Amino acid sequence: MQGWAKVKPAAHYAGISERILRNWLKSGLKYSRLPTGTILIRFADIDQYLEQFSNSEDRVDQLVSKISKEFCAN
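Residues numbered from 1 in each chain as written. Predicted model: local features only at pLDDT ≥ 70, side-chain atom pairs only at ≥ 80, totals over all residues. Heavy atoms only, no water.

A. Region of the structure containing the side chain of Asp-45. With respect to the helices and strands, the residue Asp-45 is situated in helix H3 (residues 43-51). Given the relative accessible area of 9%, Asp-45 is considered buried. In this structure, Asp-45 is in contact with Leu-29 and Lys-30, ignoring residues within four places of it in sequence. (Helix = DSSP H or I, 4+ residues; strand = E, 2+ residues; numbered from the N terminus. Buried < 20%, exposed > 50% of the residue type's maximum accessible area, 1.4 Å probe, protein only. Contact = heavy atoms within 4.5 Å.)

B. Looking closely at the environment of Tyr-13. Secondary-structure assignment places Tyr-13 in helix H1 (residues 7-14). For Tyr-13, a relative accessible area of 29% puts it in the partly exposed group. Those residues in contact with Tyr-13 that sit more than four places away from it in its chain are Met-1, Phe-43, Ile-46 and Asp-47.

C. Region of the structure containing the sheet that holds strand S2 (residues 32-33). Read from one edge to the other, the open sheet built from three strands follows the order S1-S3-S2, with strand pairing classed as antiparallel. A single partner strand is all that each edge strand has here, and the edge strands are strand S1 (4-5) and S2. Sheet topology places S1 next to strand S3 (residues 39-42); two bridges connect them, and they run antiparallel. Residue pairing across strands places Trp-4 opposite Arg-42, the latter belonging to S3. (Pairing = 2+ DSSP bridges.)

D. Representation of a positive patch on the surface in the model. On the surface, Arg-19, Arg-22, Lys-26 and Arg-33 cluster together into a positively charged patch. Ranked by the residues each element gives to the positive patch, the list is headed by helix H2 (residues 18-26), at three residues. Along the chain, Arg-19 turns up in helix H2. (Patch = residues over 30% accessible without salt bridge, like charges linked within 9 Å, V, L, I, M, F, W, Y side chains within 5 Å. Areas by Shrake-Rupley, 256 points an atom, 1.4 Å probe, with all protein chains shown as cover. Salt bridge = Lys/Arg side-chain N within 4 Å of Asp/Glu carboxyl O. Lys, Arg positive; Asp, Glu negative; His and termini not counted. Charge placed at Lys NZ, Arg CZ, Asp CG, Glu CD.)

E. Molecular detail of the packing of H1 against H3. Where H1 meets H3, the axes come as close as 11 Å, and the angle between the chain directions of the two elements is 45°. Classified by the interaxial angle, the pair formed by H1 and H3 is oblique. When the axes of H1 and H3 are compared, the crossing they make is right-handed. Along the contact surface, H1 presents Ala-10, Tyr-13 and Ala-14, while H3 presents Phe-43, Ile-46 and Asp-47. A class-by-class count of the residues in the contact of H1 with H3 yields five nonpolar, no polar and one charged. (Axes fitted to C-alpha atoms, helices over the stretch in contact; angles between N-to-C directions. Parallel < 35°, antiparallel > 145°, perpendicular 65-115°, else oblique. Left-handed = near helix turned anticlockwise from the far one by under 90°. Nonpolar A, V, L, I, M, F, W, Y, C, P; charged D, E, K, R; others polar.)

Structural data, given as structure tokens:
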């Protein structure tokens, strides 16, 4: 999706509450504030922000295997 959204539609897009989205803004999600005080967030910036939390299944499987081997060795 392209374009910009206010807080409520941006939160809906991400599948989260407005409160969590506002926490994301404090944590580094990029946004623009208009002279009227309206906050606008690009959909692409939401996607990019979420990428930092993506986890490939292969990486999880590798970590589980490593921990299991260490546990069994002790």
